[in-house]
Amino acid sequence: MFSRTLLRTINPLRISVRAQSSNALSKAALPFTYSPSGPSAVKYTTQHEWLAAHADGTAFLGITKYASDALGDATYVELPEKETQLEAGEAYGSVESVKSASEVYQPVAGEIIEANDKLESQPQLINSDPLGEGWIARIKIAEPDSLETQEGLLTLEQYERSLKEDE
Amino acid sequence: MRWHHNIDCSIKRPSPPKDTAAMIRSVRFNSTQAGLKKTALHDLHVELGGNMVPFAGYSMPVAYKGQSHIESHRWTRTHAGLFDVSHMLQSTLQGKDAVNFLHKVTPTDFQQLHPGVGTLSVLLNPNGGIVDDTLITKQSAHDFYMVTNAACAERDSQFLVDELKSVADAKWTPITDRSLLALQGPDAHRVLQHVLAWDQSLADLYFGQRRSYKLFNGAYIDVARSGYTGEDGFEVSIPNEDALQFAQSLLDNEMTKPIGLAARDSLRLEAGLCLYGHELDESITPVEAALSWVISKSRRNITEGVKFNGYDKIIDQINNKTHKSLRVGYRYQTKGPAARTGSKIFLPDGKTEVGHVTSGSASPSLDNINIGQGYVLKPHNKRGTNLLVQVRNKLLPIELVKMPFVPSNYYRG
């Protein structure tokens, strides 16, 4: 699985999409640098969440640039409690702007092992770097091996395409 | 993620979209949706990057590209914000019985009001409930100018037409050929002064007053020193055909930015002002809404002459404090998710429900601490009372505080 993912990440088409996309993972922040070679997989949902899985079976979660732009200035981020067990599709937190509140959902089943406490004092990281410094939580994935087969998880290209279809 | 969108500045709000994608779709496509009315400035909004949303039957900008909600809000508090409020209904009420009519449908003394002065008032149903809040200006003894809410236009019209049946000489006429623009903020007077003809001055136009002014290009505008932000500012009525050039001339000034509905709502919330459909509705009297000041002293003991709708109930509430709950303002004592419309308010025991939230959000002028308005049962409505507000499964501590939350800067001379 690991090698297959690696192969895909060096697919030239994918690289060009990544270079252009603001919904790609930031290479300078923890969700990427947690593993020296970067995440083993990055997945998206049509609900505008992202997941960056690492080889140790944990994953960082957050919302996409598209979602954070639509939300506007984040004023408060409700962070999950550690050790919470959640199924795919369950809310693990919420992001508030002046005018709206949005729940964020687990893309896959897992246990919360860490929340990004920086968001308590700097909720605006959700806007400035939603796919990097603005990560919301880290989970231990319940079934890391099923990431590639689980329904509803999109690649960056598929996610970008779904945004175009919405237009 | 799922959106609980809260740009619900109208009483006839569309049901909230189920998810982000649906929200963004609706935001994008409703601007071209059939049946939505456009103001004279519609194309300008689009050109300026306005995110157009359906609002009270109009396609209106909720925010503009390149300016976040908070930036727009703070810009208005520090410079000048231009708002298109042409969706609001302008009208005139004319005739010998105009004052008598106003004295039937509002609790405000329009006999004593000086010509050229406007005041906030409320239209009352027979039970003393608020049909709409309105700004009414006396142009002359038998000639009044009114601005009412866009979202209430249909109900107001039906209400006024019904009420007019009992009056001999008063004619109510909606104005459809004029736009309404609000220019708000500490630089508003500089920006507006700059586009007036050389001999025109805003220096002696005080809060509440309304007067005709000549522009540098010879066009005429009607200027009221009023607004909905708590800042000094103006609401300008202008013929539709002159509106675009006028708006452009205001925006040419670098102190001015266009501001959308989102910031309009957070600004009015900080100013402690009511939004119809939230703080006000037909079951709420002006006493309960903490708007007793619109009930003129001279109209509280009527032995002869016209009594306003709901007089007995309202006067009883004033004299005997028979009302059960009152509009209040609150401020969070901690960080947390914002309470929104409908959130329940409890005593510190966390069990006894004593009220509900009518508007709530982070306050951009107060470092994004959460504030809001709501109704709380007596005697728990006193300033300084500590209560709890429920947001989803959390109870968050709030303190009832004085409104406005942010000091007003009206130009009173």
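Keep in mind that this is a model prediction, so the values were computed, not measured. All chains use their own residue numbering, which begins from 1 and follows the written sequence. Key to labels: chains lettered from A, ligands numbered from 1, both in the order written. Local features in a predicted model are, by the rule used here, given only for residues with pLDDT of at least 70; side-chain atom pairs are given and counted only at 80 or more, and totals for whole chains, interfaces and linings are based on all residues. Note that water and hydrogens are dropped before the side-chain values are worked out from all heavy atoms of the structure.

Please provide a residue-by-residue account of the pattern of salt bridges, values included.
Residue and element names in this part refer to chain B. When a carboxyl oxygen of Asp or Glu lies within 4 Å of a side-chain nitrogen of Lys or Arg, that pair is called a salt bridge. Under the criterion given, the structure shown has 22 salt bridges over all chains. As a salt-bridge pair, Glu282 and Arg155 come within 2.5 Å of each other at their nearest N and O atoms. Of the two residues, Glu282 is situated in the loop between helix 8 (261–270) and helix 9 (311–320) and Arg155 in helix 5 (residues 153–164); the sequence distance between them amounts to 127 residues. Among the residues examined, Glu282 registers a relative accessible area of 28% and is labelled partly exposed. The shortest N-O distance in the salt bridge between Arg178 and Asp222 comes to 3.3 Å. Separated by 44 residues along the polypeptide, Arg178 in strand 10 (residues 178–184) and Asp222 in strand 12 (residues 220–224) bring together distant segments of the chain. Helix and strand assignments come from DSSP, with helices taken as H or I runs of at least 4 residues and strands as E runs of at least 2, each series counted from the N terminus. For the exposure calls, accessible area comes from a 1.4 Å probe over protein chains only, and a residue counts as buried if that area is under 20% of its type's maximum, exposed if over 50%, partly exposed in between.

Describe the UniProt feature "modified residue: N6-lipoyllysine" (unreviewed entry) in chain A, listing the residues and the values that go with them.
Residue and element names in this part refer to chain A. UniProt positions are given in the numbering used here, feature names are shortened, and annotations may be inferred rather than shown by experiment. When the UniProt feature table is mapped to this numbering, "modified residue: N6-lipoyllysine" (unreviewed entry) covers Lys99. You can see Lys99 is positioned in the loop between strand 6 (91–97) and strand 7 (100–105). Residue class for Lys99 comes out buried when judged on its relative accessible area of 6%.

Hey, could you go over the nonpolar core for me, with residue numbers and the actual values?
The criterion is simple. A nonpolar core is a set of buried Ala, Val, Leu, Ile, Met, Phe, Trp, Tyr and Cys residues joined through side-chain atoms within 4.5 Å. Counting residues in each nonpolar core, the largest one holds 27 residues, and the members touching the most others are Tyr92(A), Val95(A), Ile126(A), Ile136(A) and Leu147(A). Secondary structure elements with two or more residues in this core: strand 2 (49–53), strand 3 (58–63), helix 4 (65–71), strand 4 (74–78), strand 6, strand 8 (110–115), helix 6 (125–128) and strand 9 (137–141) of chain A. If you look at the next biggest cluster of nonpolar residues, it comprises 26 residues, including Leu183(B), Leu205(B), Ile221(B) and Ala243(B).

Outline the packing of aromatic side chains, listing residues and values.
All names here are of chain B. Pairing of aromatic side chains here covers Phe, Tyr and the six-membered ring of Trp, requires ring centres within 6.5 Å, and sorts the geometry by plane angle: under 30 degrees stacked, over 60 edge-to-face, intermediate tilted. Counted under the stated rule, the structure contains 8 aromatic pairs over all chains. Each ring, one from Tyr206 and one from Tyr411, has its centre 5.5 Å from the other, and the planes form 20°; the classification is stacked. Of this pair, Tyr206 sits in the loop between helix 6 (188–194) and strand 11 (210–214) while Tyr411 is found in the segment after strand 20 (394–401), placing the two residues 205 residues apart along the sequence. Overall, the relative accessible area of 31% leaves Tyr206 in the partly exposed class. Using a relative accessible area of 27% as the deciding quantity, one classes Tyr411 as partly exposed.

Describe unusual backbone geometry, listing the residues and the values that go with them.
Omega for the bond connecting Lys378(B) with Pro379(B) falls within 30 degrees of zero, at 0°, which places this linkage in the cis form. Structurally, the position occupied by Pro379(B) is in the loop between strand 18 (369–377) and strand 19 (386–391). With a phi close to 70°, His48(A) is a non-glycine residue in the positive phi region. Checked against the element boundaries, His48(A) lands in the loop between strand 1 (41–44) and strand 2. Here the phi dihedral of Asp367(B) falls at roughly 55°; this positive angle occurs in a residue that is not glycine. Note on placement: Asp367(B) falls in the loop between strand 17 (353–363) and strand 18.

How would you sum up the pairing of strand 1 of chain A? Please name residues and give values.
All names here are of chain A. Judged by which residues are buried, strand 1 turns out to be covered on both faces: Ala41 and Lys43 on one side and Val42 and Tyr44 on the other are all buried. A pair of strands is treated as paired once DSSP finds two or more bridges between them. Taken together, the 4 bridges between strand 1 and strand 2 define a ladder with antiparallel strand orientation. The residue bridging Tyr44 from the neighbouring strand is Trp50, located in strand 2. Taking the residues between adjacent antiparallel strands as the criterion, strand 1 and strand 2 are bridged by 4 residues, where His48 takes a positive phi near 70°.

Please provide a residue-by-residue account of the domain arrangement of chain B, values included.
Residue and element names in this part refer to chain B. Note: domain ranges come from an automatic or database domain assignment. Domain boundaries assigned for chain B yield domain 1 (1–320) and domain 2 (324–401). On a C-alpha basis, the centres of domain 1 and domain 2 stand 27 Å from each other. Taken together, the contact pairs 22 residues of domain 1 with 18 residues of domain 2. For the pairing of domain 1 and domain 2, the buried interface totals around 1,500 Å² over both sides, and the portion due to carbon and sulfur atoms is 47%. For the pair domain 1 and domain 2, the number of links is 0 salt bridges. Any pair of nitrogen or oxygen atoms within 3.5 Å is treated as a polar contact; in protein, a donor-acceptor pairing is required on top of that, and neighbouring residues in sequence qualify only through side-chain atoms on both sides. The interface formed by domain 1 and domain 2 contains 15 residue pairs in polar contact (both at pLDDT 80 or more). Residue assignment for the side of domain 1 that touches domain 2 shows that the elements contributing at least two residues are helix 3 (69–78) and helix 8. We call two residues contacting when some pair of their heavy atoms lies within 4.5 Å. Buried area: the accessible surface (1.4 Å probe) lost by two parts on joining, summed over both.

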